[in-house]
Amino acid sequence: MLQLLGTGVASAGITATAGCLGGDGDDEDEVEEFVVTQGEFIENTDPNDHNATPYYNVLDQVYEPLFNVTDDGEIEERVVTDWEHPEDGVVELTIRDDVVFHEGEELVASDVAYTINRQIDEDVGIVSDQVAGMTAIEGAEADGDTTVLVEHSAAESLAEFQLANFARAVNEEWMEGQDQPVDGEMNGTGPYQLEEYESGVQAVYTRFDDYWGDEPAFETVRFNAAAESSSRVGGLQADESDLVVNVPPTDVETVDTEDGIEVRNVTSFRNIFLVMKNEVEPFDSQEFRQALNYAVDNEGIIDSVLGGFGAPMTQPIPEGLFGYNPELDPYEQDQELAEELIEESGYAGEEITLQSMEGRYLNDAEVAQTAADQIDQLGNVSCDFETVPFDQISDAAGEGPDFEEIPFFLIGWGNPTGDSDYGLSPWFTSGGGQFNFRDEELEERLIESQQEDDEDEREALLQGINADLREEAPWVFLHLEESIYGVRDDLEWEPRQDESIYIDEMGL
């Protein structure tokens, strides 16, 4: 039976009465509950009805990835023990034969094939946002109980990256018996199973006794959310949470000098930018889009709003990924040039609104407010600012380049795959899941890059695409996010650049 600890007064904004690790923390046997507080919480319990890192962090404890991907981007076996390419356009996966779901069913190859098809085919269960990460995958079928054949349209390495980062497994029979998308129930194969779920509030997990892998350190894990950073930090200080995300720069020194807790940070593979849908006026003008880039002082925002945490973007993908173009520079603020470009665009006098969520990314609303203010300082355009729930922004990102309701918004995009394709194809190819910028020639070049097996040729193609996108200015390029966590100081865990949180990798 779940036992709750630390039932003191909860910090404002953390709706659960969060438990914490028991005793003085010196004896691992005393650990009864580990609490993680993020800025966002899952909308439902369907493992395929989302494509956002905070949601993966909640659900991956139950719906484990089929592969391990190291922080260096190396692909390692997990549920899939072997993979090879028997012919062009096909990757053959071999899965373990000792994996069971939490409700007792054996995992078989048909479950894996069903899940992959559910991610990419809207006629299988739901319309999944995860299609954005599986752009090269065309379908899957079982060949016996432990072999899955996956058809793909890309270079072998790209297909492997996509499967390694996005493939999970659900039980086909169980899933087909649920309302779609699933909410309130979970049935995965991971190290933790669902014990308690309050929609929009918290998910509580306990160890799964029949897990095929190593037993995780903590008996019980609770995930909850607090959109306001002050609430997350307050929860950590009050011993109501053991790990919180996005500690604001202004609180870093306080947290890092307080007994029992500390800050750990890493530069992530996540770009923060302002999307401009190019089939909605005035964002259909390249000059107008470039003008907004010149209007915003992204280096100044890093210094003033983010406490120096972050690096300015030069292109749609972060440095360090395959296809990154090192020859590009960030836009530098030049409001006189911005006003000239506004005049050239024919949209002088326009009134626009920038919309942003609050609590999903580091100081996201403050960043967006500052950018909007700088645009509003131009003499020939005005810009308002508005906060809206994250799910509205996320939905708008999937509505295509002609969606007029929210055409200008802040969002972030992480890239766990190590390859430019995941930073480009979802956003610039129709059907990519985050399609907001239509350019048919660009789309053809991206498809060409996916199919190029020569790595040098492929890298050159991607670098050329990144250079052209800087000039096309589909986004206002802002910064590369710094992930700043507050944790109890005896936690054995280092933050990952892909922002993933795997509880079974932690200890004390």
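As the structure is a computational prediction, the values presented were derived from the model and not from experiment.

Draft legend 1. How the structure looks around the environment of Pro474. Mapped onto the fold, Pro474 is located in the loop between helix 14 (455–472) and strand 17 (475–488). Note on Pro474: relative accessible area 1%, which makes it buried. Along the backbone, Pro474 and Tyr205 are 269 residues apart, and their C-alpha atoms lie at a distance of 41 Å. Contacts of Pro474, omitting those with residues within four sequence positions, involve Leu274, Val275, Met276, Arg289, Phe428, Phe437 and Leu469.

Draft legend 2. Seen up close, the packing of aromatic side chains. This model, assessed by the stated rule, comprises 21 aromatic pairs. Measuring from ring centre to ring centre gives 5.2 Å for Trp413 and Trp427, while their planes differ by 85°; the resulting arrangement is edge-to-face. Taken together, the residues Trp413 in strand 16 (residues 408–414) and Trp427 in helix 12 (residues 421–428) connect sequence positions 14 residues apart. For the pair Trp413 and Trp427, one class covers both residues: buried. With centroids separated by 5.7 Å and ring planes inclined at 75°, the aromatic side chains of Trp427 and Trp475 adopt a geometry described as edge-to-face. Placement of the pair is Trp427 in helix 12 and Trp475 in strand 17, with a sequence separation of 48 residues. Trp475 shares its class with Trp427; the two are buried. Through a chain of ring-to-ring contacts, the aromatic side chains of Phe166, Phe273, Tyr294, Tyr331, Trp413, Tyr422, Trp427, Phe428, Phe437, Trp475 and Phe477 assemble into a single cluster. The side chain of Arg360 reaches across the aromatic face of Phe390, ending 5.7 Å from its centre. Here the basic side chain of Arg470 rests over the ring of Tyr331, its NZ or CZ set 4.3 Å away from the ring centre.

Draft legend 3. Main features of a negative patch on the surface. Taken together, the side chains of Glu87, Asp88, Glu138, Glu141, Asp143, Glu151, Glu156, Asp453, Asp454, Glu455, Asp456 and Glu457 define an acidic patch exposed on the protein surface. Looking at the negative patch, the elements with two or more residues in it are strand 6 (137–142) and helix 14. The leading source of residues in the negative patch is helix 14, at three residues. Positionally, Glu156 belongs in helix 3 (residues 156–166). Classification of Glu156 by relative accessible area gives partly exposed; the value is 37%.

What counts, and at which threshold
Residues numbered from 1 in each chain as written. Predicted model: local features only at pLDDT ≥ 70, side-chain atom pairs only at ≥ 80, totals over all residues. Heavy atoms only, no water. Helix = DSSP H or I, 4+ residues; strand = E, 2+ residues; numbered from the N terminus. Buried < 20%, exposed > 50% of the residue type's maximum accessible area, 1.4 Å probe, protein only. Contact = heavy atoms within 4.5 Å. Phe/Tyr/Trp six-rings, centres within 6.5 Å; stacked < 30°, edge-to-face > 60°. Lys NZ or Arg CZ within 6 Å of the ring centre and 35° of its normal. Patch = residues over 30% accessible without salt bridge, like charges linked within 9 Å, V, L, I, M, F, W, Y side chains within 5 Å. Areas by Shrake-Rupley, 256 points an atom, 1.4 Å probe, with all protein chains shown as cover. Salt bridge = Lys/Arg side-chain N within 4 Å of Asp/Glu carboxyl O. Lys, Arg positive; Asp, Glu negative; His and termini not counted. Charge placed at Lys NZ, Arg CZ, Asp CG, Glu CD.

Purely geometric stuff here, so don't read any function into it on its own.
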